[in-house]
Amino acid sequence: MEASNSNESEQKDDDGAKKKGRVPKGTVVREEYKPMEPGRFDEIKDFYGITDDFKENQLYVRKEGGKALYYVTQTVKDNFLDRLDWASRIQVIKTGLKVFELNTNALENQYRICQEGAAYVIPHIRKRCVQIGAEDFAKMLEGGQLGFDKFSPAFREAVAPLEGGAFVVTLDHEIAKKDPSLFLIAWRSRGQSINLLVSKKELHSRRQQFQHYGLAKSTITEGVLSSSAANGNICEMEETPSTGGASIKDDKKQEEGN
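Rules and cut-offs
Residues numbered from 1 in each chain as written. Predicted model: local features only at pLDDT ≥ 70, side-chain atom pairs only at ≥ 80, totals over all residues. Heavy atoms only, no water. Salt bridge = Lys/Arg side-chain N within 4 Å of Asp/Glu carboxyl O. Helix = DSSP H or I, 4+ residues; strand = E, 2+ residues; numbered from the N terminus. Expected span 1.5 Å × (residues − 1). Buried < 20%, exposed > 50% of the residue type's maximum accessible area, 1.4 Å probe, protein only. Contact = heavy atoms within 4.5 Å. Pairing = 2+ DSSP bridges. Axes fitted to C-alpha atoms, helices over the stretch in contact; angles between N-to-C directions. Core = buried A, V, L, I, M, F, W, Y, C linked by side-chain atoms within 4.5 Å.

Visitor: Any details on the pattern of salt bridges? Residues and values, ideally.
Guide: Considering all chains together, one arrives at nine salt bridges under this definition. Across the pair D52 and K45 runs a salt bridge whose closest N-O atoms are separated by 2.6 Å. In this structure, K127 engages D46 in a salt bridge whose closest nitrogen and oxygen atoms are separated by 3.7 Å. Here K127, found in the loop between β7 (111–113) and β8 (129–132), pairs with D46, found in helix α2 (residues 41–48); they are 81 residues apart in sequence, far enough to count as distant.

Visitor: How would you sum up helix α8 (residues 200–212)? Please name residues and give values.
Guide: One turn of the α-helix equals 3.6 residues, which is why residues spaced by three or four share an orientation. A rise of 1.5 Å per residue sets the reference length of α8, with its 13 residues, at 18 Å; its end C-alpha atoms lie 18 Å apart and thus fit the reference within 8%. Just downstream of α8, G214 is the residue with a positive phi angle, here 75°.

Visitor: Requested: an account of the environment of F183, with residues and values cited.
Guide: Counting through the fold element by element, F183 comes out in strand β11 (residues 183–188). A relative accessible area of 5% places F183 in the buried class. Leave out the neighbours within four places in its chain, and F183 touches Q115, A118, A119, I122, F137, V169, T170 and R206.

Visitor: Run through the sheet that holds strand β2 (residues 34–35), naming residues and quoting values.
Guide: The five strands are arranged β2-β3-β4-β6-β7 in an open sheet whose pairing can be described as antiparallel. Across the chains shown, the open sheet's two edge strands, defined by having one partner strand only, are β2 and β7. Alignment of strand β4 (residues 68–71) against strand β6 (residues 97–102), held across four bridges, turns out to be antiparallel. Of the residues in β6, the one forming a bridge with A68 is E101. Sitting on the sheet, α2 is in contact with β3 (59–61), β4, β6 and β7, with an inclination near 55° to β7.

Visitor: Run through the nonpolar core, naming residues and quoting values.
Guide: Most often, soluble globular proteins have nonpolar side chains that are buried together. One finds M140 and I194 to be the most contacted residues of the largest nonpolar core, which totals 28 residues. Among the secondary structure elements, those contributing two or more residues to this core are β8, α5 (134–140), α6 (153–159), β10 (165–171), α7 (174–178), β11, β12 (193–196) and α8. Element by element, the count of residues in this core is highest for α5, at four residues. One finds M36, F100, I113 and I185 within the second-largest nonpolar core, a separate group that totals 25 residues.

See below:
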């Protein structure tokens, strides 16, 4: 979390406005973190099937009507954001991770889950979390728009029934139990295709994880991620495909596990 003295920040802004009529370079822009508006989470909760134990009171916006929802820790919430006696003295510049963002271009299901803070909410998602095998996961690491015909029948069977909108993809492999960061966020389009909602930096990181765990050598068929391999982003590939399956998380099994 980053914070600054509120009085100093205000003085910089006032001086800059008087001298140049605009915010000068290097000036800290003030943004006031506010609790998410009542009722805003209802649509998100229903669409993703988020369980009641998810702490939605830890979701904040950076300004009134902000498009993004940020998940902050309980410590930051209690000791900084909710401390009225500190509000006049300390300005929180940046905290939390972006978990959901309003997609104004979407005709329906407008809130997409964000890769940045998805790890906090994935354990609570019951409707739109799909587990896939290593071979299908590797194909997703190609990035861009991906047609259903690139994937296994099990993958298509799991994703096809989903409504248009964002969904979570997790790796169905024993390594994922040791490293839960092996997940991707994708968008189910109205046609027979999906798009990754992952930054280039995050995508590169996932490719490196595959390389580190040796999954690339044992599961990726020849030609998959060839463009990435050419750029040195992933290790050498061998023609030894696996039979990875895909499935949507079952609510009953998940509840029994908890």
